[in-house]
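A look at the structure
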Amino acid sequence: MTPPQDRLGPVIRLAPAKLNLTLAVVGRRGDGFHELHSVMAPLALADRLSMAVGAGPRDTLHVVGPGGEPLDAAAYDSVPRAIAETRRAVGRRADAMPLAMRLEKRIPVAAGLAGGSSDAAAALLAALEAWDAELEPAERHEVAARVGSDVPFFLAGGIALVRGRGEHVTPLRAIVGEPPGVLILTPDTPSSTAGAFAGFDAGGPAAPSDPRSTRLTSEHLVAELAAGLQAVDLANRAGVLAAANDLIAAAEAQVPGLRALRLALRRLLGVPIGLSGSGPTLWALYPSADEALIAERRVVTAIEDRSIVVPGSGAPFVTATTIEGGSRR
Ligand code: C5P
């Protein structure tokens, strides 16, 4: 077998973003985390991670933006954290093989799209391949869970029900037929996952009106996916799904202008608008990629002519993408 350092090309992995189709907070744990019941779907929107066993004395990570512009690697610590945990699990032979890594970021950061968690899962899998090392699935899963709550989801590689803090991942049947289109709008505003959960705990106006309804919607979606859902069926359920995120009120309380933006988008596009995770990313579902693309153009025009106002200091991220229904592996 070729020694890893003599391989010709680097190992390359895509790290998809995720969308929460539902997000029910069903309990609070002793460790400060929350028990979730969430249907999560990977998107075609993805970062790209490449790595090879390097010649230097230690790991290196170069991060570039969508246009190839260099970004500060210190802001993307989920990759080195995943490598450190994976190296610890693999043992001494990985110590002797430093990695040269390059991450191309497409997914907005701290957006509710779990880009950092996906980068971490991609780093774990790519490092094993680069080192020619094996970890049992259960051990991979434990390594992933140590890096972050959303990381185990990305090891499974398809639509899944995520429970517990994120560590219980049950793969679900892929969307049948054409992939659903998704419009994504991420305002350039800071948002904190921990802050959204704290807001949820504090209750008040941020508390959901019926604590059980989101979970029921989430359970219902799981059953419907198992029976077989097409993109058009998912888009038809967008109204129910858009309301099925227990963090909406807390996320909107954290980001001034986010609620107004959600309502303005709803008026502009005439479809329900949901929030992914703890935000601030907003989504709209479509029966096809083409329809999402038309929506993207309408939103870009509306932002340009200021008929909708997007909070944040910089330009928002707007893109049309699709739900990646099938398993990647
Ligand atoms: O695990 P991760 O770093 O993604 O979590 C960020 C923060 O979000 C945690 O510190 C916690 O406050 C909150 N969180 C939670 N329950 C979860 C996931 C995250 O309370 N299931």
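Around the ligand, the structure places G32, F33, H34, L36, G148, S149, R165, T193, A194 and F197. One nitrogen or oxygen atom from the side chain of H34 is found 2.6 Å from an oxygen atom belonging to the ligand. Taking 450 Å² as the accessible area of the ligand by itself, protein coverage stands at 71%. Where the shell around the ligand is concerned, the elements lending two or more residues are β3 (34-53) and α6 (193-202). With three residues, the single largest contributor to the shell around the ligand is α6. Here the residues of the shell around the ligand sort into four nonpolar, five polar and one charged. Both of domain 1 (4-171) and domain 2 (181-322) provide at least three residues apiece to the shell around the ligand.

Domain parsing of the chain yields domain 1 (4-171) and domain 2 (181-322). If you average the C-alpha positions of domain 1 and of domain 2, the two centres end up 24 Å apart. In this assembly, 27 residues from domain 1 lie in contact with 34 residues from domain 2. At the boundary of domain 1 with domain 2, total buried surface from both sides reaches about 2,300 Å², with 67% on carbon and sulfur atoms. It is L21, L23 and V25 that lose the most area in domain 1 upon contact with domain 2, and together they represent 24% of the buried surface on that side. The salt bridge partner of D201 is R28, with a shortest N-O separation of 3.1 Å. Here domain 1 is connected to domain 2 by 15 residue pairs in polar contact (both at pLDDT 80 or more). Broken down by secondary-structure element, the contributors of at least two residues to the side of domain 1 that touches domain 2 are β1 (11-20), β2 (24-28) and β3. Of all the elements, β3 adds the most residues to the side of domain 1 that touches domain 2, at nine residues. Looking at the side of domain 1 that touches domain 2 residue by residue, the class counts come to 18 nonpolar, six polar and three charged.

What follows covers the side chain of K18. Residue placement: K18 occurs in strand β1. No salt bridge is formed by the buried K18; the nearest opposite charge belongs to D150, separated by 4.4 Å. Here the side chain of K18 touches G112 through a polar contact of 2.9 Å, landing on its backbone oxygen.

What counts, and at which threshold
Residues numbered from 1 in each chain as written. Predicted model: local features only at pLDDT ≥ 70, side-chain atom pairs only at ≥ 80, totals over all residues. Heavy atoms only, no water. Near = heavy atom within 4 Å. Polar contact = N/O pair within 3.5 Å; in protein donor to acceptor, adjacent residues only side chain to side chain. Areas by Shrake-Rupley, 256 points an atom, 1.4 Å probe, with all protein chains shown as cover. Helix = DSSP H or I, 4+ residues; strand = E, 2+ residues; numbered from the N terminus. Nonpolar A, V, L, I, M, F, W, Y, C, P; charged D, E, K, R; others polar. Domains from an automatic or database assignment. Contact = heavy atoms within 4.5 Å. Buried area = accessible area lost by both parts, 1.4 Å probe. Salt bridge = Lys/Arg side-chain N within 4 Å of Asp/Glu carboxyl O. Buried < 20%, exposed > 50% of the residue type's maximum accessible area, 1.4 Å probe, protein only. Lys, Arg positive; Asp, Glu negative; His and termini not counted.

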